[in-house]
Amino acid sequence: MSLADVTYLPETPAYDPEIESINEEAFGPGRFTRAAYKIREGGPHERDLSFVAVSGTTVVASVRMTRIMAGSGKALLLGPLAVRPAFKNLGIGRKLVAMALEAAVKAGAACVVLVGDEPYYGPLGFKRIPRGQISMPRPVDLDRLLAHEIEPGAVARLTGMVHHADQVGHDADRVGAIEPA
């Protein structure tokens with residue numbers, strides 16, 4: 001397998017079964033109990049800001065983005081990011097994160113939040129959110145709450161409980177300047 005054989009594409013509904021399979025393989029049945037999963041249950045993800053990596057006709061990795069709100073702040077929640085074991089440690093996940101961040105910037109998002117490991121995401125521009133600034137609907141290691149700030153001051157506006165943007169009742173007031181084309 002060569003990285004030259006991997007193609008990066010926008011996510012479409014046709015990829016959903018394979019993405020579910022990758023997430024099941026990567027996170028197991030416990031994924032349904034995670035804080036970020038609870039938020040994602042609140043509404044759809046942003047398919048136009050979500051991507052897959054394909055080798056041949058097989059999806060080998062994916063990343064999704066979901067609109068969230070906390071306090072007066074709006075952001076995108078990155079995740080899940082999952083890569084099939086045979087394709088790990090090749091830079092595919094990092095490439096998908098970079099693509100998602102670039103799409104977030106183009107869409108006018110203020111910042112991107114995730115629950116993840118700082119050694120992995122730090123080099124991609126993510127920093128810890130100050131402890132206690134935001135809370136999640138289920139237990140989470142506060143040291144794993146990270147944000148990539150696009151608009152200065154955007155992370156500071158995220159306060160209190162994180163919700164899917166559709167659950168807050170601001171469906172028309174989308175993340176940053178994201179508007180339907």
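Residues numbered from 1 in each chain as written. Predicted model: local features only at pLDDT ≥ 70, side-chain atom pairs only at ≥ 80, totals over all residues. Heavy atoms only, no water.

(A) Representation of unusual backbone geometry within the structure. For the bond running from Gly 79 to Pro 80, omega is 0 degrees, close enough to zero to count as cis. Tracing the backbone through its elements, the reader meets Pro 80 in strand β4 (residues 73-83). A positive phi angle, close to 65 degrees, is found at Asn 89, a residue other than glycine. By the element assignment, Asn 89 lies in the loop between β4 and α3 (92-107). (Helix = DSSP H or I, 4+ residues; strand = E, 2+ residues; numbered from the N terminus.)

(B) Inspection of the pattern of salt bridges at higher detail. For the structure on display, the rule yields 14 salt bridges. Where Glu 46 meets Arg 67, a salt bridge forms, and the shortest distance between an N and an O atom there is 2.7 Å. Of the two residues, Glu 46 sits in the loop between α2 (35-40) and β2 (51-55) while Arg 67 sits in strand β3 (residues 58-71), which places them 21 residues apart along the sequence. With respect to burial, Glu 46 and Arg 67 carry one shared label: buried. Here Asp 166 makes a salt bridge to Arg 67, at a shortest N to O gap of 2.6 Å. (Salt bridge = Lys/Arg side-chain N within 4 Å of Asp/Glu carboxyl O. Buried < 20%, exposed > 50% of the residue type's maximum accessible area, 1.4 Å probe, protein only.)

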